[in-house]
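Descriptive structure summary
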Amino acid sequence: MAGPSEDYQNSLGNDDIKDQEDAHESSDPVDEGKDTEGDSMAHPASNSIHRSSSRPQLDLSKAAIQGNFEERDPTILLPNQSDDISHLALDIGGSLIKLVYFSRHEDQSTIDKRKKTVKLRLGISNSNRRSYPILGGRLHFVKFETHKINECLEFIDSKQLHCSGVDSRHWGSESPNSQPINNANNAVIKATGGGAFKFADLFREKLGVSIEKEDEMDCLVAGANFLLKAIRHEAFTHIEGQKEFVQIDHNELFPYLLVNIGSGVSMIKVDGDGKFQRVSGTNVGGGTYWGLGRLLTKCKSFDELLELSQRGDNRTIDMLVGDIYGGMDYSKIGLSASTIASSFGKAISENKELEDYRPEDISLSLLRMISYNIGQISYLNALRFGLKRIFFGGFFIRGHAYTMDTISFAVHFWSRGEMQAMFLRHEGFLGALGAFMSYEKHGLDDLMVHQLVERFPMGAPYTGGKIHGPPLADLNEKISWMEKFVQKGNEITAPVPMAKPGTTGLGGFEVPSSKGGTLRSDASALNVGVLHLVPTLEVFPLLADAKTYEPNTIDLSETGELDYWFTVLLEHLPDLVDKAVASEGGTDDAKRRGDAFARAFSAHMARLMEEPAAYGKMGLANLLELREECLREFQFVDAYRSIKQRENEASLAVLPDLLMELDSMSEETRLLTLIEGVLAANIFDWGSRACVDLYHKGTIIEIYRMSRNKMQRPWRVDDFDEFKKRMLGSGPQKPRPHRRALLFVDNSGADIVLGMLPLARELLRRGTEVVLVANSLPALNDITAMELPEIVAEAAKHCDILRRAAEAGGLLVDAMTNSIDGSKENSSSVPLMVVENGCGSPCIDLRQVSSELAALAKDADLVILEGMGRALHTNLYARFKCDALKLAMVKNQRLAEKLVKGKIYDCVCKYEPAG
Amino acid sequence: MDLKDEASIAMLPAESRAPMPHLAIDIGGSLIKLVYYSRDGDWLPEDNKIWSSKESLGVSNGEGNHPLSEGRLHFAKFETSKINDCIEFIRSKQLHVGGQHHEVPSKNKIIIKATGGGAFKFTDLFKEKLGIVLDKEDEMDCLVAGVNFLLKAVQREAFFYMDGQKQFVQIDHKDLYPYLLVNIGSGVSMIKVDGDGKFERVSGTSVGGGTFWGLGRLLTKCQSFDELLELSHVGNNRVIDMLVGDIYGGTDYAKIGLSSTNIASSFGKAISVDKELEDYQPEDISRSLLRMISNNIGQIAYLNALRYGLKRIFFGGFFIRGHAYTMDTISVAVHYWSKGEAQAMFLRHEGFLGALGAFASYERHGFDDLTAHQLAQLCPRRESCSEGTLHSAPHCDVIKEKKTL
């Protein structure tokens, strides 16, 4: 027999504190030899490319967010040897393998003359594009079960993740203790987790790659730091089955406690990038749950065991305070009768054997025991080091609602409500992400939150990152997958009605009342999207306070909202599918894709109904964008293409008459008529069910005239007089015209042609530069920045003001050569410009706009937002540094009631002067 | 004999003016603890196994001027599931009427001080079977009173346990407070004690003795708590626990101060798909379980001591039962987590804190003054009970084992 303390004496050494300071910084890792790119941008070494060999540094400092958006310090040249460069990092844990890999955006270098002209105007040379510190691309997150490691290897192989573009000289670690890599074919993959050691040979044998092991803690911390800084709503609390996303100020992030619950539990105090120490831990962790659970229940998998717990009743096994005190609370010391006095304490009964207990009850009892214990020890450590925030991660959690609830409850209970447990949406991927960050030049260092867009395509992201079966190689496979996916029946078949979330009760460690029926085991595993890194996105510089800006007017987490919009979108779906299929010629292939799109979107909706937080913090804008993304995913590039074209043509035909009519008016009448016109023309909206019905009842012009005639002031929100005062003044003295106006336009057809274009013309006539801001990608019948120049050119044929302005803005490059008036002297008109907004949604999140728009906004002193999507669904409450006018017709009864206490077709003319 | 455990200590409660009951009872979730008083010469023939001190003390109660007669405090335990044995024991000794030589009090209602959750639960049973009313004393009050009494009145009550060695500590009772009392019963209560009757339950955990025994029963088919404990002596937890070395291929994860023999995950090896419950030795399971629970309690206790700036942590409760390995694991845990700055201390009468406290709660027992004044002074003159002989036969093995350590 071993002496009683033998193990311990050997095993428990000093709990050495690890505190990695910025010890040795490697020299500038930009390999000058590789810097073969033609443009010779200097890379100021000062800016955040120094990094220690073992640990990534993030430099997402506040200054970068707040600061000076015009000045972009060029930092790292992109790895320039390959256009389709992919990078891969792994976290090989005991039960799951997590992969993070990067793929470059397909080159969207379609010749875009408009963009070119804008750039020329702004003095942005094309080569300057390389000054973006990060590589545009996508970060993918996928998981495999460790015992199915071959699937993982096949996946890597099929996507060639291990070799494409990985130049070991460039991407390999330059850490002093790593072996120099001689064999150029021998790619190096960064990996962490215990399995990184175990499976190194397998990777070498099967893929011919070397696994380079990165320290687990380093990776965890790097991953968590990256996520908390780069993703706006990464962290959430989980109380009583409800997730609430928390936005964390980067400047107040540190210090925090990171509790990683793997087989065992590590508690890490994080003080900054690469600065952390493991302060505590416990050996009672996920391995204990699964190990004991297996012995006690014969479950075949961890997930099965978790699943069981949902239906358990721990009261049959745990000894509760009430069991000891005969049903009474021991309230003197704050213990209610339902508090667990002793986990498994009832199992001492002699009358029952293991077989007599339900596995469900055992699993639940075990889960609560371990979760509470971890919560308690974490709280005590947070308290000890004065840490405000505790983030929990690791495979034990796996997005499992009840686990999170019990941990939250324990932290709440022990801290008497003073501390909250927080969880991370990407919690399973901390290590893998950190390993990815450990590449010398992953380009993520300087990434800022506004440069990331998360998308949720079907496939792995929909299933929470899990890969089922072979990877989806192309669209066709995705469609088949979609078909099978739905046919499985138990996954998403029909929208699940939203049930009341399970509750754990707050009185003690109480038994949740209704969790069993409402939470499926996989329901709470959050969808992990693909992170699109779009280096060209910037924060709109005219926002009064970018920090507090919230684009969404409608928060879908409010009671009833999701249900309502769910219904609206689903009702609209058949019509949308018809349009989409028609836009692709109505072929069989288009029909099949249309079906797949409908399924996919319904699946997203069902998922959301089931777990409203599945996609992170969702506003209506995100939901509408999700639909557009889903359409694009099934390669419906522009579902409303033909409709838009038809309406543009019809509207352009009547434009000259309208312009003549306007020109005959006095300045004051004209201004009112123009605003009326914008509001009236905004009725043409294929995104509004009510308006779609209208379309079937008359021609565009009929509707437009009828609509305009009905524009009786006062409107529901009517700041026209103020706006007029700013434009025309009140006395004899005329106010100075605006220098530059940004017009965020909405729909094609009458809306742009008969509404916004005449308004733009008026501004131009008054000497105000006009920038038409339109979508980068199609969304519904919204006009896009690509389509605008043509419309402007067509309108310019009949209008001298527009023509000269468009010429000045460089919009008529082609038109000019064809124009008979080409020789006409180029007057000194203020320019009319077109710029893309950087998004493809009917709404706009002004935290993420194109760099061109951001640049043009510099000199702007008037912002006009038009239409429901951009002025109501989003930005209704947005405040700007300059004058702002928000114009929209409310084409939805519910929205009218909610936002303006009005009714459908009411109008909003909201003017907010600068400051 | 169903009597589970019985021990006595020579103590001398005051002879009070009115007849007082000579019994107090602590009814826990798994064990019933009795403390009863007998005057010398009261022994029943079957008590002969019980150690009795030849030494006796005459103490006069200064205030009441009631001489304390010589006598003893007996300590006995029963499993709660065998409560009828306990009742039978009380009846046979007539403990509820103050000993067989006492008259039944004039009032019909006999009141016995009781504590523990079961004092509520079994009220009716005691009334029915013995005709006594259980007067419920608060559990925490009793625990703390019991500990305070022991720490002040009994010399060599507290000890460290390291590497199989007991090391008794004499605690200056003036320097006693504040301390953390960790009572490991079915569950665990952690109580910050600031003085007599001044305390607060600051924490606790549901992972306690009940968890050890409950899980242990399910996993090993052991028939008793003691059997389970016994098994743990010969077990090897490495078969079941995942050690740091199992994860890092035998190398230490020295960077963060974990050696390869650290337990990374209790029961972490049991996730192996190749082995079922039957394939593990009950000994190994028991040991793994014991270490998991002891280590956890030690850790949480240390964190709470740290939080409140308490120098001393006393561990008590039936889970410990003087069990060497349990004490060792708890000691090591406290040592480990505190980096050697804190030490776990144990109490010789650890199982009887509550019952002793209940006994002390009789209004006229004369204990208060005794503990507060006289006995403290008397202590130096008095040889304490010799250790290890406090227990009767059922614990012999354990005792022997302890001696070999």
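Above this note sits the structure.
Quick summary incoming for the structure in this document. (Residues numbered from 1 in each chain as written. Chains lettered and ligands numbered in written order. Predicted model: local features only at pLDDT ≥ 70, side-chain atom pairs only at ≥ 80, totals over all residues. Heavy atoms only, no water.)

**What about helix α1 (residues 83-93) of chain B?**
- Those residues of α1(B) that sit buried are I83(B), C86(B), I87(B), F89(B), I90(B) and K93(B). Buried residues along α1(B) cover an arc of 155 degrees about the axis, so they all sit on one side. (Buried < 20%, exposed > 50% of the residue type's maximum accessible area, 1.4 Å probe, protein only. Helix = DSSP H or I, 4+ residues; strand = E, 2+ residues; numbered from the N terminus. Arc of directions from axis to C-beta.)

**What about the side chain of N527(A)?**
All names here are of chain A.
- Along the chain, N527 turns up in the loop between α16 (515-518) and β16 (530-533).
- A distance of 2.9 Å separates the side chain of N527 from the side chain of R607, its partner in a polar contact.
- Residues contacting N527, with those up to four places away along its chain left out, are R425, F456, P461, Y462, G464, R607, A614 and Y615. (Polar contact = N/O pair within 3.5 Å; in protein donor to acceptor, adjacent residues only side chain to side chain. Contact = heavy atoms within 4.5 Å.)

**Side note on the sheet that holds strand β20 (residues 769-774) of chain A**
Residue and element names in this part refer to chain A.
- In space, the seven strands of this open sheet follow the order β18-β25-β24-β23-β19-β20-β21, with mixed pairing throughout. Here the strands that pair on one side only, and so sit at the sheet edges, are β18 (717-718) and β21 (832-836).
- Bridge count for strand β19 (residues 740-744) against β20 is five bridges, and the pairing is parallel. By the bridge assignment for β20, L742 is matched with V771.
- With respect to the sheet, helix α24 (residues 720-728) is in contact with β18, β24 (883-889) and β25 (907-912), its orientation differing from that of β25 by roughly 45 degrees. (Pairing = 2+ DSSP bridges. Axes fitted to C-alpha atoms, helices over the stretch in contact; angles between N-to-C directions.)

**Considering the nonpolar core**
- F392(A), V182(B) and F315(B) are the most contacted members of the largest nonpolar core, which totals 111 residues.
- Examining the composition of this core, we find that twelve residues originate from one element, helix α12 (residues 359-384) of chain A, more than from any other.
- Formed by 84 residues, the second largest nonpolar core is a distinct cluster that contains M458(A), F540(A), L562(A) and V773(A). (Core = buried A, V, L, I, M, F, W, Y, C linked by side-chain atoms within 4.5 Å.)

**Regarding unusual backbone geometry**
- With omega at -10 degrees, the peptide bond leading from F254(A) into P255(A) counts as cis.
- The residue P255(A) is located in the loop between β7 (242-246) and β8 (256-261) in this model.
- Going from R713(A) to P714(A), the amide bond is cis rather than trans, its omega being 0 degrees.
- Here P714(A) is to be found in the loop between α23 (700-709) and β18.
- Even without being glycine, R416(A) reaches a positive phi, approximately 50 degrees.
- The residue R416(A) is located in the loop between α13 (401-414) and β14 (421-424) in this model.
- Given a relative accessible area of 65%, R416(A) falls into the exposed group.
- Phi is positive for K221(B), which is not a glycine, with a value near 65 degrees.
- Relative to the elements of secondary structure, K221(B) occurs in the loop between α5 (209-220) and α6 (225-233).

**Topic: the pattern of salt bridges**
Residue and element names in this part refer to chain A.
- Counting across every chain of the model gives 58 salt bridges over all chains.
- Salt-bridge contacts for D721 lead to R713; the nearest nitrogen and oxygen are separated by 3.2 Å.
- Note on D721: relative accessible area 43%, which makes it partly exposed.
- A residue is classified by how much of its surface remains accessible, and R713, at 30% relative accessible area, is partly exposed.
- One salt bridge in this structure joins K886 and E912, with 2.9 Å as the shortest N-O distance. In this pair, K886 is assigned in strand β24 and E912 in strand β25, connecting sequence segments 26 residues apart.
- Look at K886 and you get buried, because its relative accessible area is 0%.
- Several salt bridges share partner residues, and in doing so they unite D663, R670, R761, E762 and R765 into one network. (Salt bridge = Lys/Arg side-chain N within 4 Å of Asp/Glu carboxyl O.)

Read these as geometric descriptors, not functional statements.
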